[in-house]
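# An overview of the molecular structure
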Protein chains: 2
Amino acid sequence: MKKSDLSVSNLTKNFNEALILSILFLEPKHGYQIALEIEEKSEGLFKFNHGTLYPILHKLEKEGLIKGDWEADSPKRKRKFYAITSIGKKHMKNQYREWENLTNHFFNIIGEVNK
Amino acid sequence: MKKSDLSVSNLTKNFNEALILSILFLEPKHGYQIALEIEEKSEGLFKFNHGTLYPILHKLEKEGLIKGDWEADSPKRKRKFYAITSIGKKHMKNQYREWENLTNHFFNIIGEVNK
DNA sequence: GAAAATATATAGAGCTTCTATATATCTGAG
DNA sequence: CTCAGATATATAGAAGCTCTATATATTTTC
């Protein structure tokens, strides 16, 4: 089971994982679709390299936070749909609180530049 | 000159640099002191490994964002005091706006988990 | 006088992301 | 109908950053 610690040493990793898990909260989606939605919702600010995205999905599945299944309907076009698990939901809700805490402390410090 | 782009691929690096530059906005400080203040102000949440801190300071100095000078008063105890440069201030103010933009978009997406 | 805290520095291991490459299907323009 | 571009997944190797460990030396505290 994944540790819910949001360590500062791998912010990007935790950031990317949080985005993916949040996108899957609504409904199952496949990798390519996840990347597109994150890009759209962030107005082009967050872009996933596919070479980064897929290994993360594999890792999240291995950790039991998401579960992937190859599309049943069309056997030719291979698309793997990922659904967030109950463990994944619990983990992500906890992560949200940790991100809130982290950003609050962060802006408390860097807010100095506006004084 | 340093690019002010806040890329998602190295959030931790940008995060650490922002903390250091913000701490130096008030007055010049030496490395060890910077690490302590960040730890205090974050209530222990952000801790710098010294093996991480010093290389960052060297890099920021090389980029002209900070300027380091060995303490004049006590020649025995070696402490290098870093002051933020005008370029560093400008850079950091820009970074603040970019962090605001990034976190706004981020929480807009991960806020889904609370609905 | 000894231990702990202060203070800086670097080397090497480990992890993550990036770029590049490979493969294959589907869609739309011409 | 053909070809280009978009869709879709995957992995290998390069590059970059942080971590741990180690080294050195001074100052403070007991």
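The structure reproduced in this document is the subject of the present report.

## Things to note about the overall build of chain A
Scanning chain A from N- to C-terminus turns up four helices and three strands. Beginning at the N terminus, the succession of helices and strands in chain A can be written as α-β-α-α-β-β-α. Dimensions of chain A along its principal axes, counting C-alpha atoms only, are 60 × 30 × 25 Å. Residues classed as buried in chain A amount to 47% of the 115 residues present. Considering only contacts in chain A between residues 6 or more positions apart, those separated by 24 or more positions represent 53%. As displayed, chain A has an accessible area near 6,400 Å², and 50% of this comes from carbon and sulfur atoms. Within chain A, one finds 19 positive and 15 negative side-chain charges whose respective centroids are separated by 5 Å.

## What to know about the sheet that holds strand β2 (residues 66-70) of chain B
Sheets are built from strands that pair by backbone hydrogen bonding, the pairs being arranged parallel or antiparallel. Residues and elements named next belong to chain B. The antiparallel open sheet is built from three strands, whose spatial order is β1-β3-β2. Single-partner strands in this sheet number two, and they are β1 (29-30) and β2. As judged from the five bridges shared by β2 and strand β3 (residues 80-84), these two strands associate in the antiparallel manner. Counterpart to Trp70 in the pairing with β3 is Lys80. Contacts from helix α3 (residues 50-62) reach β2 and β3, with the element oriented near 115° to β2.

## Points about the interface of chain A and chain B
Between chain A and chain B, the contact holds 37 residues from the first and 37 residues from the second. Of the roughly 3,400 Å² buried at the junction of chain A and chain B (both faces included), carbon and sulfur atoms supply 77%. Summed over the shared surface of chain A and chain B, the result is six residue pairs in polar contact (both at pLDDT 80 or more). Only α1 (11-23), α2 (31-41) and α4 (86-110) of chain A provide two or more residues apiece to the side of chain A that touches chain B. When the residues that make up the side of chain A that touches chain B are grouped by side-chain class, the tally is 20 nonpolar, 12 polar and five charged.

## So, the environment of Ile84(A)
All names here are of chain A. Note that Ile84 resides in strand β3 (residues 80-84). Separated by 60 residues in sequence, Ile84 and Leu24 have C-alpha atoms that sit 5.9 Å apart. Apart from the residues within four sequence positions on either side, Ile84 is in contact with Leu21, Leu24, Phe25, Leu65, Ile66 and Lys89.

## Points about the sheet that holds β3(A)
Ordered by their spatial adjacency, three strands build an open sheet running β1-β3-β2 (chain A), and the pairing between neighbours is antiparallel. The open sheet terminates on both sides in strands that have one partner only, identified here as β1 (29-30) and β2 (66-70) of chain A.

## Things to note about the relation of the copies chain A and chain B
Structural alignment of chain A on chain B gives an RMSD of 0.0 Å, achieved by rotating through 180° and translating 0.0 Å along the axis. Taken together, the turn and the small shift mark the pair as related by a two-fold rotation axis. Scanning chain A for the C-alpha nearest the rotation axis identifies Leu11(A), at a separation of 2.9 Å. Mapped onto chain B, 100% of the interface residues of chain A are again interface residues, and the two copies thus contact each other with one and the same surface.

## Some points on unusual backbone geometry
Backbone geometry places Glu43(A), a non-glycine residue, at a positive phi of 55°. In this fold, Glu43(A) is placed in the loop between α2 and α3 (50-62).

## Let's talk about the packing of aromatic side chains
Each pair of aromatic rings is reported with the distance of its centres and the angle of its planes. Under the defined criterion, the tally for this structure stands at 12 aromatic pairs over all chains. Ring geometry for Phe15(A) and Trp99(A): centres 6.0 Å apart, planes at 75°, overall edge-to-face. A residue pair is termed long-range when its members are at least 10 positions apart, and Phe15(A) in helix α1 and Trp99(A) in helix α4 qualify at 84 residues. Each member of the pair, Phe15(A) as well as Trp99(A), carries the same accessibility label: buried. Measuring from ring centre to ring centre gives 4.4 Å for Phe106(A) and Phe15(B), while their planes differ by 15°; the resulting arrangement is stacked. With Phe106(A) in helix α4 and Phe15(B) in helix α1 (residues 11-23), this residue pair bridges two chains. Ring pairs connect the aromatic residues Phe15(A), Phe46(A), Tyr96(A), Trp99(A), Phe106(B) and Phe107(B), which therefore count as one cluster. Seen from the ring of Phe25(B), Lys89(B) lies directly overhead, with NZ or CZ sitting 5.7 Å from the centre.

Thresholds applied
Residues numbered from 1 in each chain as written. Chains lettered and ligands numbered in written order. Predicted model: local features only at pLDDT ≥ 70, side-chain atom pairs only at ≥ 80, totals over all residues. Heavy atoms only, no water. Helix = DSSP H or I, 4+ residues; strand = E, 2+ residues; numbered from the N terminus. Buried < 20%, exposed > 50% of the residue type's maximum accessible area, 1.4 Å probe, protein only. Contact = heavy atoms within 4.5 Å. Areas by Shrake-Rupley, 256 points an atom, 1.4 Å probe, with all protein chains shown as cover. Lys, Arg positive; Asp, Glu negative; His and termini not counted. Charge placed at Lys NZ, Arg CZ, Asp CG, Glu CD. Pairing = 2+ DSSP bridges. Axes fitted to C-alpha atoms, helices over the stretch in contact; angles between N-to-C directions. Buried area = accessible area lost by both parts, 1.4 Å probe. Polar contact = N/O pair within 3.5 Å; in protein donor to acceptor, adjacent residues only side chain to side chain. Nonpolar A, V, L, I, M, F, W, Y, C, P; charged D, E, K, R; others polar. Least-squares fit on C-alpha atoms with pLDDT ≥ 70 in both. Phe/Tyr/Trp six-rings, centres within 6.5 Å; stacked < 30°, edge-to-face > 60°. Lys NZ or Arg CZ within 6 Å of the ring centre and 35° of its normal.

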